[in-house]
Amino acid sequence: NERTEEARQRVLAGQASPIVFYMEKNLADPLNLSMMAGISLWRVKWHLKPGVFKRLKEKTLKKYADAFGISVEQLRKVE
């Protein structure tokens, strides 16, 4: 719970992409997420950067959202 809150704060501060928060929330690491979303490990790690995340295509966001069991809109925002 503490790690999830820390990840949420990093996302809100613009230091990490929302993927980091949802990985913590779902107890996943980049390798697990790579397998769940069908995205290569190096791309998952690249997408953890907030600037890169903002430029992701809808198709890629959909893969992450499906892996986490949420909508793309939920993935884009962290409350």
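Residues numbered from 1 in each chain as written. Predicted model: local features only at pLDDT ≥ 70, side-chain atom pairs only at ≥ 80, totals over all residues. Heavy atoms only, no water.

Thoughts on the nonpolar core
Phase 1 of the analysis: Grouped together as the largest cluster of nonpolar side chains are 23 residues, with contacts concentrated most on I19, Y22, L33, Y64, F68 and L75.
Phase 2 of the analysis: At the level of secondary structure, the elements contributing two or more residues to this core comprise α1 (2-12), α2 (18-25), α3 (30-37), α6 (58-68) and α7 (72-76).
Phase 3 of the analysis: Take this core: its biggest share by element is five residues, from α2.
Phase 4 of the analysis: Residues in contact with L33, not counting those within four places in the same chain, are I19, M23, G38, V44, Y64, A67 and F68. (Core = buried A, V, L, I, M, F, W, Y, C linked by side-chain atoms within 4.5 Å. Buried < 20%, exposed > 50% of the residue type's maximum accessible area, 1.4 Å probe, protein only. Helix = DSSP H or I, 4+ residues; strand = E, 2+ residues; numbered from the N terminus. Contact = heavy atoms within 4.5 Å.)

A closer look at the packing of α3 against α6
Phase 1 of the analysis: Two elements in contact, α3 and α6, have axes separated by 9 Å at closest approach and are oriented at 105 degrees. Looking at the two axes, α3 sits roughly perpendicular to α6. Here L33, M36 and A37 of α3 lie close against α6, whose contacting residues are K63, Y64, A67 and F68.
Phase 2 of the analysis: Here the contact of α3 with α6 is built from residues that sort into six nonpolar, no polar and one charged. (Axes fitted to C-alpha atoms, helices over the stretch in contact; angles between N-to-C directions. Parallel < 35°, antiparallel > 145°, perpendicular 65-115°, else oblique. Nonpolar A, V, L, I, M, F, W, Y, C, P; charged D, E, K, R; others polar.)

Digging into the packing of aromatic side chains
Phase 1 of the analysis: The full count for this structure, using the stated rule, is two aromatic pairs.
Phase 2 of the analysis: Relative to Y22, the ring of F21 lies with its centre 5.0 Å away and its plane at 75 degrees, an arrangement referred to as edge-to-face. Across the pair, Y22 and F21 agree in class, each one buried.
Phase 3 of the analysis: Both rings, one in Y22 and one in F68, keep their centres 5.8 Å apart while their planes meet at 35 degrees; by these two values the pair is tilted. Residue Y22 is found in helix α2, and its partner F68 is found in helix α6; the two are separated by 46 residues along the sequence. We note that Y22, like F68, is buried.
Phase 4 of the analysis: The rings of F21, Y22 and F68 are connected pair by pair, giving a single aromatic cluster. (Phe/Tyr/Trp six-rings, centres within 6.5 Å; stacked < 30°, edge-to-face > 60°.)

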